[in-house]
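Examining the three-dimensional arrangement
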Amino acid sequence: MSAHLPITLSVNGEELTRRVEPRETLADFLRRDLGLTGTHAGCEMGACGACLVMLDGLPVHACLIFAVQAAGATIQTVEGLTESAAIADLQSVFHTRNALQCGFCTPGMLVAAHGLLSRCAMPSREEIRDALSGNYCRCTGYEAIVDAIETVARRRAGEAASSMAEEPA
Ligand code: FES
Ligand code: FES
């Protein structure tokens, strides 16, 4: 029987302390211990991107790190990004652009897109493709997903430009 280790971390804005098995992955911790099943477990070997979460502001594969390695970290799952409305426009445009079918890959796609747009406000289609290169989708093909992310980037840029124009000099 393996000993459980205490970890403290922030998940979706909430500070938590839990005891975890040393070999429990962050994906299993989020899904089983916290019930955050939006983090999907697909390949569980770092290839499909379904398990992406934001860790200290960067997208990481939750299947590739142990929960104990996330001690002290700030995690945002697709649920947290949804509740804060940080990805509301991405979710809406994924829907209107038909960028999902079964939806299994979608949480990972949204986290990858969020990570990309957080570090690059106006990515090229090539950069969007590159950011999604670790995310598998078996249903839609990637064209609609790239379209959706490009649309959101343009909208956000348009909104930022018009809010700057409205600011008093
Ligand atoms: S489940 Fe983590 S990359 Fe596939
Ligand atoms: S929508 Fe089904 S795997 Fe992407």
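Anything mentioned here points back to the structure above.
Our subject in this report is the structure included herewith. It should be emphasised that the depicted structure is a prediction, and the values quoted were computed from it without experimental measurement.

With that settled, consider the pairing of strand β3 (residues 52–55). Going residue by residue along β3, you find Leu52 and Met54 tucked away on one face and Val53 and Leu55 tucked away on the opposite face as well. Judged from the four bridges that link them, β3 and strand β4 (residues 58–61) form a sheet pairing that is antiparallel. Among the inter-strand pairings, methionine 54 is bridged to a residue of β4, identified as proline 59. Joining the antiparallel neighbours β3 and β4 is a turn of two residues, in which aspartate 56 adopts a positive phi near 50 degrees. Where β3 lies against strand β5 (residues 74–76), two bridges are found, and the strand directions are antiparallel. Counted as the bridge partner of leucine 55 is isoleucine 75 from β5.

For the rest of this paragraph, the subject is helix α6 (residues 143–166). Given a rise of 1.5 Å per residue, 24 residues ought to cover 34 Å, and the 35 Å separating the end C-alpha atoms of α6 matches this to within 8%. Turning to α6, its buried residues number three or more, namely Ala144, Ile145, Val146, Ala148, Ile149, Glu150, Thr151, Val152 and Ala153.

As a further point, take the packing of helix α3 (residues 88–96) against helix α4 (residues 106–119). Following both chains from N to C, one finds α3 and α4 inclined at 125 degrees, their axes separated by 10 Å at the closest point. Of the possible angle classes, the one that applies to α3 and α4 is oblique. Crossing handedness for the pair α3 and α4: right-handed. Residues Leu90, Gln91 and Phe94 of α3 lie in contact with α4, whose contacting residues are Thr106, Met109, Leu110, Ala113, His114 and Leu117.

On to the sheet that holds β3, then. Strand pairing within a sheet occurs via backbone hydrogen bonds; the two strands may be parallel or antiparallel. In spatial order, the strands read β2-β1-β5-β3-β4; together these five strands make up an open sheet with mixed pairing. Taken across any chain shown, the strands that pair with only one partner, and hence form the sheet edges, are β2 (14–20) and β4. The sheet shows a mean angle of 40 degrees between the axes of neighbouring strands, direction not considered. Together, β1 (5–11), β2, β3 and β5 form the strand contacts of helix α1 (residues 26–33), whose direction differs from that of β2 by roughly 105 degrees.

Within the chain, asparagine 12 stands out as a residue other than glycine whose phi angle is a positive 50 degrees. In this structure, asparagine 12 sits in the loop between β1 and β2. The partly exposed category is assigned to asparagine 12, whose relative accessible area is 24%. In this structure, glutamate 44 is a non-glycine residue whose phi angle is positive, near 55 degrees. Here glutamate 44 shows up in the loop between α1 and β3.

This part covers the layout of surface pockets. Quantified by volume, the largest pocket comes out at close to 170 Å³. Cys48, Ala50, Cys102, Phe104, Cys105, Tyr136, Cys137, Arg138 and Cys139 together form the lining of the largest pocket. Among the residues forming the lining of the largest pocket, the class breakdown is eight nonpolar, no polar and one charged.

So, how was this worked out
- Residues numbered from 1 in each chain as written.
- Chains lettered and ligands numbered in written order.
- Predicted model: local features only at pLDDT ≥ 70, side-chain atom pairs only at ≥ 80, totals over all residues.
- Heavy atoms only, no water.
- Buried < 20%, exposed > 50% of the residue type's maximum accessible area, 1.4 Å probe, protein only.
- Helix = DSSP H or I, 4+ residues; strand = E, 2+ residues; numbered from the N terminus.
- Pairing = 2+ DSSP bridges.
- Expected span 1.5 Å × (residues − 1).
- Axes fitted to C-alpha atoms, helices over the stretch in contact; angles between N-to-C directions.
- Parallel < 35°, antiparallel > 145°, perpendicular 65-115°, else oblique.
- Left-handed = near helix turned anticlockwise from the far one by under 90°.
- Contact = heavy atoms within 4.5 Å.
- 1 Å grid on protein atoms, 1.4 Å probe; cavity = no way out; pocket = protein on both sides within 12 Å on 5 of 7 lines; lining within 4 Å.
- Points joined across faces, edges and corners; volume = space filled by probe spheres on them.
- Nonpolar A, V, L, I, M, F, W, Y, C, P; charged D, E, K, R; others polar.

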